[in-house]
Each structure stands twice: as C-alpha cells, then as structure tokens.
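Summary of the model geometry
Listed below are the residues making up each chain.
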Amino acid sequence: MWKFTVRRLLIMIPQIIALSIVIFVLAQMMPGDALSGMIDPNVDPERLEELREKHGWNDPWYVQYADWVGGLMQGDLGQSFRFKMDVTELIGQRIVNSFWLSLATLLFTYLIAIPLGIISGRYNDTLLDQTITGYTYIGFATPLFIFGLVMLWVFGFMLGWFPTSGSVTPGLEAGTFEYFVSKVNHLILPALSMALITTVSTVQYLRNEIIDTKQRDFILTARAKGASESRVYNRHILRNSLLPIAAFFGFEITSLIGGTIFIENIFGYPGMGQLFLESITMRDYTVVTAVTLLFGIASIVGALLSDIILSLVDPRIRIK
Amino acid sequence: MKKFSFHKLTLAFMLVLLLALAACGGGDDEGNNNSDSSSNKGSEEGELYSIEDFTNVKTNEGEPIDGGSFTYGLVSDTAFEGTLNWNFYSGAPDAEIIQWFDEPLLTWDESYVYTNDGAATYELEGNTVTFTIRDNVNWHDGEPVTAEDFAFAHEVIGHPEYDGIRYGSDFTNIVGMEEYHAGEADTIEGIEIVDEKTLKITYKEVTPSLLTGSIWTYPLAKHIFEDIPVAEMSSSDAVRKNPIGFGPYIVEEIVPGESVTFTKNEDYWRGEPNLDKVTVKVISSTTVVNELESGGVDTVSSFPTDQYPDNADMSNVEFLGDTDRAFTYIGFKLGKWDAEEGRVVPDPNAKMADKKLRQAMWHAVDNDTLGQKFYHGLRWNATTLIPPSHPEYHDETNPGRSFDQEKAKQLLDEAGYVDVNDDGMREDPDGNELVINFASMSGGDTAEPIAQYYIQSWEQVGLNVQLTDGRLMEFNTFYDRVENDDPGIDVYQGAWGVGIDVDPRSLWGGESVSNYTRWTSEENDSLLAKGVSDEAFNLEYRQDIYNQWQELMVEEVPVFPTVYRAVLVPVNNRVVNFAIGDGTGIYLHELGVTQEEPMTAE
C-alpha cells in the first residue's frame, strides 16, 4: 500500500514540472499583456513600454521561466500586476471563498445524490425511478451557466430568498455572528445551483452500482439466509455500492474547479474561478500561471486521491 | 412492439426538429443578404430613441430626507483591484470607488477647462501655475491638505521606482522632471513650495491643453506615505486597506473585490454631506436590470445601452443620458511605426494608399441605418474625428461623407479600381486581384453582424473585403496585431474613448504610437501643432484650426468615424441632486434620497 502511494507521489513530480512549463509557455503565447488593456489616450505609450522593460516582459520566455521557478522555490509566486499585491496573498484571499463554496457544493452533491441514487436503484424501473433518471438526463443536458442564471433569477430576484451577488453583505464586521450567517446565506444559492447539476452523474453511478450489486450472488445468499429486505439493502448492497462512489470523490474535485469558474462569475462570488477568468482576460500573467498551476495540482492530487481510495477499496488495483 | 413504435416516433420527431432548425438557419442568412434593400423597413420594427430626448441631470422628485443611504452598483464582470488611490490606480472600476472618498484639487467646467471652484484655485502666469489650496480642505484624519502633499505626489510618480502608469507627458512637461526621473536630480526643479497651502509648478510648454486635463491634480498624503518606500506604496495598507482622501465620504469597510462602504465626512470642505452612508458594490453586467428593478442599487456605473429598449419604461428609475466621450471608427493601415525615431512612417505603396479608395469605402457604408438597426438610435452616424462630446470644437457644419453608393463607385472608377476579369469584383489599378483584409473585435451580440454588414456594403460597390483569418479577433489579439502593423490587416474597426483634452495629437499625431493608421502628413502635423500653440489660447483661432483639421481628415480619410455613442444611466426615483457628465455643478455631498427604502419596479 505504502509502496503504491509513494510511487504515485513520485510520478506526480515530473507531471507537475511538465505542467508548469506548458502553463508558462502557453501564458506567454497569449497575445497582449497586462498593459495592452490600458491603451488610453491619457496614458503615455512610452510609459507602458518603460514598465514592460522594467518587469522583464520583453525577455525571452526561458529567462522569465527561470525567474519564475526561482521565485517559486522560495514560495514566492510573484506580484500581480493588476492588483499590485503578492499573488500568494491574493490567492489566499480568494481560496478561502472557493474552499467554502466547494465544500458546500460537495455537501449538497452527496446530500442529493445518495438518497436519490438509493431510491432509484432500489426501485428501478418504477415511476419514481423514471422520474429520477429523467431529472439526471435533464441535468446532463443543461449547461451549468444557463442553469445558474435561471436559479439566480428565480430565487435571487423573483422570490428574493437569497442575496444576488458577493460573498457577504457589505458593511458587516468580520467575526461577528451576523457576518457568519451572511456568509452562509451567500453560499447556499451558488452551491445548490452547482450541486443540482454536478450531482446527476453521481446519482446515475450509484443507481447503476446498486442495480448491479442487487444481482450478485452474495445478495442472493444473504436473502437465502433470511436477512430482512432492509438489512440486505442497508448492510450488503449499500456498503458495496458506496465504495466506488468514495473513489469517485477525487474526480469530483476536478469537476468542481470547472464548475466554480462559471458559478463564481454568474454570482459575482470572488473566488478562484472568477480570479482565473479575469486574470486571463486582463493578461495578469503571474496570477494566471499561479492559479492554473494550483488547479493543475489540485486535479493531479484529486486523481491521486481517487487512486489511493480505489486501491484501498479494491486490492486488485495494486497489482502491477 | 409498443416500445419500438415509440422509438420510431421519437426519431421522426427529431427529424422534424432538425428540419425546422435548418429552415431557421436559412431564413437568417436570407435576412442578412436583404438587410440593405429592406433597411428602412427594418428600422420601423424597433422603436427609435435619440440622445436629444435625455437630460443629464436627475429631476428631483421631492425633498431629501435627513441622512439615508445610497447604493451604487459598480457594473463589472471582474472584481475591482482595490488600488484605492488616484496616484496608483489603473483600472476603471477602482476609479469609480475612489471618486466617493477623494477628489482632484481642481474641478472643470462643461468645456473641460479647469475652474476655480474646486478644493484649490489656480493662476497661470507665464509658464508657472500657482495653486492655492483652500484652508478648510483636510484629509479624513484631520490633517490639512498641504502644498507639500501636492508636491509629494509629483515626487512619487516621477520617482524611478514608481510602478504605476501615470508617469507620462503631463509630468515630463514639468521643468526638471526628466532629470529627477532618471535619478540625476534629488528634487524637481520646477516645483516650488511657497507656503503651507501654496505651490508653484513651472511647465516647459504651456498650451491650451495644459488647462484641459494636463495638470496632475491629486495630492498624496505625505504624513502617511513618507515612511513607505516608493516601490511598495501601491501594495501598502494605506492604499489597499485604509485608503484616505479629502472627499465627501470616508471609507469604512472594504470587502476585497466585492464592496466598499462609506460614512459621511462631516468635515468635508464643501459642507456636510446629506447622506449618512454610501455602499458601492460590484454587480455583474448580466444582472444590472434585475438589481435596478428590485431596488438593490440606486444607480449603476454603466448601463448596457442595448438593453435600454426593453427597459425604457422601468417604473422606478429615471434614465439620464449624455453624449459619450467616445467614437467607433474604421482605420486604414497606411505605413509603419519607426520605434527608433519615434515616428509614424507612411508607406506610399500601401494597399490602401489611394485616398479615393478610402473615400469610396466611407461613402459605401450607411452608419445611420446601422445605428438605428443595431442600437435603436442610441448610436448615430459620426461625421468628424472630434466627437460632439466636445461641443466647442466638434464641427457641426462638416457633414463628413454621407452614404452614397453611386459616389463610391464613381470614385473607384476614377482611381482605376475596375473589374477587368468580369468576376463582379474590382481589381486594383494594375489589374491584380484586390482582396482587402478587415480586422474587427469580437464581443457582444452585435460584433459579428456589424462586421458582416460592412463587408457586404463594400461588396456592393465591388470591393472584395474579407475578415482577417476569417473570424473576429479577441480584444488583446486585435490590438496586439494592429499595434504591431500586422501585414494581414489592411482595414480595422476600433474605438477610442477621448480624454477631456480635445487635442487629437495623442491619437492621430505623427509622433504617436497610438496612431495605428500610421498615416500622417506635413499638413496634419502642422495643424495639430497649431492647435496647441500660443495663439490657440484664442478660442476662435483654435476652433478654426480644428475645423480645418477635421476637414483634412474627411478629405484624406486615413480613418473615418462610424458612430457616436450615448451613455445612459438609470437612477432610482428617490434620488435627488444627481447628474452625469462634466461641469454640471452638482457635487456628491449634495446627493440625497427622498425616502429610506429604494423604490421598486411595479
């Protein structure tokens, strides 16, 4: 087990190095830079050129890459040109928001997926099951950014149940109970919107898994031994079906990253997804590279996590 | 058996859908092709609006209550940067926030000339301007705003380690500034502190432009910033967390990237503000209308004009309107930029070098119809390169070049652009095939149809115009290629916002890198130079020079303006003393509300 984990961790290192080079070069290849968006007759073009020179943006990419990696080794991701602050501090500000949003989304995802999956798997091919599968198909077909907007319009504006933008009501003092409630209140709608869409694959996965397990021989044995129906479902089937879902968890993290980019932009929720998109359009290189690298690492770690969980669940994985 | 037939039915249904979709697509294409012949009919479908029908000052409906709060929606799809100081900020969203708590020392009137109504007065004598800051102007922490603070702002921006974008011609124009910036001098020779509230600045060149926006008028609180190294100022807490100013409101709480709340500054030099509290919060451009309807915001920093027709009768707001200081234009690439000489070098052999070809391309397009069809009249045909937002200098009598396809064809015939191989398209005077590459930016629903409209208009006079790379370009790519004189671009569609200074040199002068057409001529440079000469202090003389220049550009057409724009700003009915635009004489401390809660739409 440990050998496997260590080997997987070692493979991660060249993956991350390759990723960093690809990200850096791609970012450099983007046309324009952080200053090209500031063409404005009130700003002297010579000043912009002077700044480009000063920041080393005119150097060849490998020189800039070496500088960047040098900083990275010391835990310095550089300074955001646009925000005029350290990227680490900037990301620190945003990642907290994204963390809570992701956590809430995961929570909702499983809160929805597990009961629906079980019902649908247990009573397969009934009207109830068909309704649930119907929902999952609609979920698959609905683009997240449209669904997010509809949710915002219905629950934010029409019914007015939830705040419509930001992560907290302006003017509240950090640390108070009110502040906390407002934070949670701002989280619910975006998290729920995302969970309702991303949960569908988990629902289907769980449903198929349960239907599959139901027909296994050991279930037949359990029934033959006289175990009650609820015992069969809760102890034998559910346990076996949930394990692969747990393994799916790592990949869930990866899909969350994609989702937060849309959701954070629609709900004006300042997290990593929003930061990512706007730093690309604004060509804030240091932020783009740092955020992409972080996302990349998160995906790699997510996959690793899945592999490890899978290997715990299913010993065959460890065999070479 | 039953199931099978169901599948069949589904398949049939899908096929029907597919056909319906295909039919829709076909219909669209047809619509586009016919758009010119039926253009008048098309415009009748949507209602037309005119900027003439809007005012830029809010009608006061009732008396303001004592206190109250006001919410300002900062419309932006990106979080604001949080560089909250005039001397360091670069993004427009930050400026929208800073205006609530800090202000320039000088204000300006409708024609953008500095007045003596602001926090300081000025007097121009020879090349020296003497600034006197009013006695009651204090920073939020009670310290007076002094001449030293004002000089300090210049010292910081001119400092070699300053990392903002504000250092430029406004500063190099100060005697001794370039030496100071290069690190050769410790002080700036041209800046003299006379006493606590008086400062003298000597400029190298005094032009009429100096008094329309070319003076840096933002002091920097020395007692706060003097201990911070210049390179670290923009990221310091004094800028990001506890910003300070001398404006009508004081920053209370900042949620990074999201919102800022303000309380009133009782010590404000113009008098105590009406409102108790102001909140500025970022809202996404997709939810502007809903926020306004629900009273979530009282007004917004910008309103997407294309959403106006659907919301013109929103019951709880009044729409204010003003002519935008901006225009859209089509430019022709006519030369190269010589970086070493710092000059534009026109190329007499450029593909678009024949001015009759360019004139014809202007005559070929109908910008009035375009403005009506795509913008419901809220953008309209542009005539000259000085937009009507500068009424003193915009030449109303100059009609530009009107839509006239026959004239266009005639001009092309005269210039020798005729169809020699009978393919319906004109060849160049040497008989070679002529393909003109047109670059335009993506963004918004109308970018694509507008680009197609221009291409079709040119096709109708026999010119083969193609989109560069066959598609629209994203903003950064577009400017990157236009700036670097990419040979794949012959014609491009761009837009400029113009500063409060009317001087066109920064956009169209021979020494400006932003003159993307790379066109200039002796006459162009000489007229532009005359426009900022000593004689130009005489308004009539300057008007005459700029009229001549506008006429020159209509004749030479290195670029032609396509549409002027309107800005519309909706304001909740409960708001009083609010205006948009310049020189209205209405200041933020007078802003008030007539009831506690914002009105909501019925």
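Predicted model, so just to flag it, every value in this text is computed and none were measured.

Definitions and cut-offs
- Residues numbered from 1 in each chain as written.
- Chains lettered and ligands numbered in written order.
- Predicted model: local features only at pLDDT ≥ 70, side-chain atom pairs only at ≥ 80, totals over all residues.
- Pairing = 2+ DSSP bridges.
- Helix = DSSP H or I, 4+ residues; strand = E, 2+ residues; numbered from the N terminus.
- Axes fitted to C-alpha atoms, helices over the stretch in contact; angles between N-to-C directions.
- Contact = placed C-beta atoms within 7 Å.
- Core = buried A, V, L, I, M, F, W, Y, C linked by C-beta atoms within 7 Å.
- Buried ≥ 20, exposed ≤ 12 C-beta atoms within 10 Å, placed from the backbone.
- Domains from an automatic or database assignment.
- Nonpolar A, V, L, I, M, F, W, Y, C, P; charged D, E, K, R; others polar.

Right, let's get into the sheet that holds strand 5 (residues 198-202) of chain B. All names here are of chain B. With antiparallel pairing, 4 strands are arranged side by side in an open sheet as 2-3-5-4. Only two strands of the sheet have a single neighbouring strand rather than two, namely strand 2 (120-125) and strand 4 (191-195). With strand direction ignored, the average angle separating the axes of adjacent strands in the sheet is 20°. Relative to strand 3 (residues 128-133), strand 2 runs antiparallel, the two sharing 6 bridges. Directly across from threonine 121, in strand 3, lies its bridge partner threonine 132. Contacts between helix 4 (residues 147-158) and the sheet are confined to strand 3, strand 4 and strand 5, with strand 4 contributing the most and set at about 170° to the helix.

Before going further, it helps to spend a moment on the nonpolar core. Nonpolar side chains in soluble globular proteins generally cluster together in the buried interior. All names here are of chain B. Counting 93 residues, the largest nonpolar core has Trp100, Ile133, Ala153, Phe262 and Val278 as its most contacted members. Among the elements that line this core, the one with the most residues is helix 4, at 7 residues. The two domains that each donate at least three residues to this core are domain 1 (12-101 + 244-323 + 569-593) and domain 2 (120-232). Excluding residues within four positions of it along the chain, tryptophan 100 makes contact with Gly247, Tyr249, Phe262, Val278, Val280 and Leu588. Within the second largest apolar cluster, 61 residues are counted, among which are Met352, Met441, Trp496 and Phe560.

What follows deals with the domain arrangement of chain A. Annotation of chain A at the domain level lists domain 1 (11-76) and domain 2 (93-269). Placing the centre of domain 1 of chain A and that of domain 2 of chain A at their C-alpha centroids yields a distance of 39 Å.

This brings us to the interface of chain A and chain B. With 39 residues of chain A at the interface, the matching set in chain B holds 47 residues. At the level of elements, helix 2 (45-54), helix 6 (144-158), helix 9 (229-266) and helix 10 (272-281) of chain A are the ones that each hand at least two residues to the side of chain A that touches chain B. By residue class, the composition of the side of chain A that touches chain B is 20 nonpolar, 12 polar and 7 charged.

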